[in-house]
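Coordinates in review
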Amino acid sequence: MPTTESDTAARGTPAVVRTRGIIRVAWFFLIAIACGLLWRFVRLGMHFELTGDEAGIMRSVIERDYRALLQPLSYFNVSPPLFLWMTKFIDSVFQNDWAPRIAPFLAGLGSLGMFWLICRDTLRGTARWIAMAVLCVSYVPVVEGTRTKGYTIDLLVATVVLWLVLQWGLRGHKARYLVWLALCAPVFIWLSYTSIFVLGAAGVIVATLFIKGRFYSEDALAGGDGIGWPNAVAVLAFAAGAAASALLLYQLNIRAGLQGSHSNGLASFWRVGYPPLHEPWKIPWWLLLAHTGRGFSWPAGENHFGSTLTFLLWLTGLVVYWRRGNRWVWALFVAPQVLALLAAFANKYPYLQNPRLCMFLGPGICLFIGAGAQYLIVRFGGNQRRGLYAGTALVLTICALGGLGRDIVLRIREIKGPGIRSTLLEASRLAGPDGQFVVLNEDDASWLFAYYIKRPIKQTVWWHGQAPPQTGPGTKLALVVVGPTEGNAQANPLVGQFEKRISRTLAVRWSQVAHQVLLDSKETIAVWVCE
């Protein structure tokens, strides 16, 4: 364990007094943690409209069967098969846009619980509370935990794997932890693409400790079994299961996805996260930008050196932990980042391009931030340590409350909209259970409309201006034009063509032009409820 506040404080201070001081300081960070949890639950309850990316995922889930979800997804999206299958099952049961958010939300909460267990075993004193609070109020995990994408599952998988390895290394090398790791690894690979980095790091650390314990421990040198054969069997099962699962996933899913990455724009999107190998003298500058940009936005940050403070705290914690802690623990949290960097140099996965894509690095980053912040406060804080801790907790609390306030403002904007979801729901209500929707055109680029016309809308939907069999007087129709168009029904040529098709003039009872409110998107629809 690293030397921490409890053993770097004044030597003459009684242990009981130091403990009480740590407990009092912990309350500052408990407030920040509570605000972070509040932010999560309130944001989920706000029920934001889906983003375009989320709608693309949900369209693929709705339009394909389970087997077809193994193939490269449409609409420029990528997600692991097990997450897609889970989402499809949930959608088929509940058929709304709220239920598919539950799994990512619970994964986000679960990752917090697992990370606390990690902090308890790897940090002491206030460092564990700082690290926990940073993760709890970080913007990206909170937001992604209320969306229908699997990034928080990446975070949960990473924390579970790291915790299992920690338990094995710190609890006397009991084989049951490796057995659990061997059972989970094949499943995790299908649930989270980025689990390969954490599992690879775990494999390296476990193999190193096993070899050292097997051949260099006092028990082994005396003719004993060292770490023991149960661990050897578990290690082999873990390696074989993970390798077989990864190979199967590559053959059935990843290979086709990589081949299609050039046509769907993924390859060009990831290119920013690759080092400039063709100009090697720029690599140090690229590394600096990567480590001070959005990938290090824990709890918040941005490109152009917007995450410099986070990087400096992380770097300080990295050095302090190496000097004072168990170095295999240090290596366990550094190895996933090293593997991700190697993947970037091989042009296989972007490094710190976007915090969503490197969510699995969050536990290590937050852990070293906690260690670094505590070291600096104890080293240079003098008699002001308590105030500095309170100020740090206040900043983290402001991050949570500021994020919550921002989301409230955004939700009010979305309600005032008018948004695509709310417009379609209102048209559905006005058309009544016997009404029908008629989409006069079809714009495949409008992912959001294509999802919401299939899920909340219960009435029959006719496409490409097809006339319903019954369009007599009294029949309510909700006419929809997708894309920028004339909002006046009488001046809209598509409405005029439809009226000629049904040989009568429609009376417009309600109309609205809607768009995707919160994003700079061109998705627009016009809706007229007529009879």
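What counts, and at which threshold
- Residues numbered from 1 in each chain as written.
- Predicted model: local features only at pLDDT ≥ 70, side-chain atom pairs only at ≥ 80, totals over all residues.
- Heavy atoms only, no water.
- Helix = DSSP H or I, 4+ residues; strand = E, 2+ residues; numbered from the N terminus.
- Buried < 20%, exposed > 50% of the residue type's maximum accessible area, 1.4 Å probe, protein only.
- Contact = heavy atoms within 4.5 Å.
- Pairing = 2+ DSSP bridges.
- Axes fitted to C-alpha atoms, helices over the stretch in contact; angles between N-to-C directions.
- Salt bridge = Lys/Arg side-chain N within 4 Å of Asp/Glu carboxyl O.
- Disulfide = S-S within 2.5 Å.
- Patch = residues over 30% accessible without salt bridge, like charges linked within 9 Å, V, L, I, M, F, W, Y side chains within 5 Å.
- Areas by Shrake-Rupley, 256 points an atom, 1.4 Å probe, with all protein chains shown as cover.
- Expected span 1.5 Å × (residues − 1).
- 1 Å grid on protein atoms, 1.4 Å probe; cavity = no way out; pocket = protein on both sides within 12 Å on 5 of 7 lines; lining within 4 Å.
- Points joined across faces, edges and corners; volume = space filled by probe spheres on them.
- Nonpolar A, V, L, I, M, F, W, Y, C, P; charged D, E, K, R; others polar.

Some details on the environment of Cys-530
- Tracing the backbone through its elements, the reader meets Cys-530 in strand E5 (residues 524–530).
- Classification of Cys-530 as buried rests on a relative accessible area of 1%.
- When neighbours within four sequence positions are excluded, Cys-530 is seen to be in contact with Thr-475, Lys-476, Leu-477, Leu-479, Leu-506, Ala-507, Val-508 and Arg-509.

Structural notes on the pairing of E5
- Burial within E5 is extensive, with seven of its seven residues counted as buried.
- Neither face of E5 is open: one carries Thr-524, Ala-526, Trp-528 and Cys-530, the other Ile-525, Val-527 and Val-529, and all of them are buried.
- Two elements, strand E3 (residues 477–482) and E5, share six bridges in a ladder whose sense is antiparallel. Within E5, the position partnered with Val-480 by the bridge is Val-527.
- Bridge count for strand E4 (residues 508–515) against E5 is seven bridges, and the pairing is antiparallel. By the bridge assignment for E5, Ser-511 is matched with Trp-528.

A closer look at the sheet that holds E3
- One open sheet holds the five strands; their spatial order is E2-E1-E3-E5-E4, and the pairing between them is mixed. Of all strands in the sheet, those bounded by a partner on one side alone are strand E2 (460–462) and E4. Averaged over neighbouring strand pairs, the angle between their axes works out to 20° when direction is ignored.
- Packed on one face of the sheet, helix H21 (residues 493–502) meets strand E1 (436–439), E3 and E5 and runs near 140° to E3.

A closer look at the pattern of salt bridges
- Evaluated as defined, the whole model comprises 17 salt bridges.
- With a closest N to O distance of 3.2 Å, Glu-63 and Arg-59 form a salt bridge. Placement of the pair is Glu-63 and Arg-59 together in helix H3 (residues 52–63), with a separation of four residues, close to one helical turn.
- According to the relative accessible area criterion, Glu-63 is partly exposed, its value standing at 38%.
- Its relative accessible area of 6% is what places Arg-59 among the buried residues.
- In this structure, Arg-411 and Glu-414 form a salt bridge, with 2.6 Å as the shortest nitrogen-oxygen distance. With Arg-411 and Glu-414 both in helix H18 (residues 385–416) and three residues apart, this pair spans about one turn of that helix.
- Arg-411 sits in the buried class, given a relative accessible area of 17%.
- Each of Asp-97, Arg-101, Arg-411, Glu-414 and Arg-421 takes part in a single network of salt bridges with overlapping partners.

Observations regarding the state of the cysteines
- Applying the stated criterion across every chain, the model contains zero disulfides.
- Looking at Cys-366, it has no disulfide partner, and the nearest cysteine sulfur is the one in Cys-119, 8.2 Å off.
- In this structure Cys-366 comes out as buried when scored by relative accessible area, which is 0%.

Here we look at unusual backbone geometry
- Cis rather than trans, the peptide bond between Trp-298 and Pro-299 has omega equal to 10°.
- In the Ramachandran plot, Ser-503 falls in the positive-phi region, its phi being about 60° despite a non-glycine side chain.
- Residue placement: Ser-503 occurs in the loop between H21 and E4.

Regarding a nonpolar patch on the surface
- Together, Tyr-66, Phe-89, Val-93 and Phe-94 give the surface a local cluster of nonpolar side chains, amounting to about 430 Å² of exposed area.
- Mapped onto the secondary structure, Phe-89 falls in helix H4 (residues 81–94).
- A relative accessible area of 52% means that Phe-89 is categorised as exposed.

Let's talk about helix H6 (residues 126–137)
- Between its first and last C-alpha, H6 extends 17 Å over 12 residues, near the 16 Å set by a 1.5 Å rise per residue.
- Across the 12 residues of H6, 12 count as buried, placing the element largely inside the fold.
- Every buried residue belonging to H6 is among Thr-126, Ala-127, Arg-128, Trp-129, Ile-130, Ala-131, Met-132, Ala-133, Val-134, Leu-135, Cys-136 and Val-137, and all of these are buried.

Some words on empty space enclosed by the protein
- Going through the model one piece at a time under the given rule, you end up with two cavities of 30 Å³ or more.
- What the second largest cavity holds in volume is close to 50 Å³.
- Put simply, the parts of the chain that give the lining of the second largest cavity at least two residues each are helix H16 (327–345) and helix H17 (362–380).
- Of all the elements, H16 adds the most residues to the lining of the second largest cavity, at three residues.
- The residue inventory of the lining of the second largest cavity, partitioned by class, reads six nonpolar, two polar and no charged.

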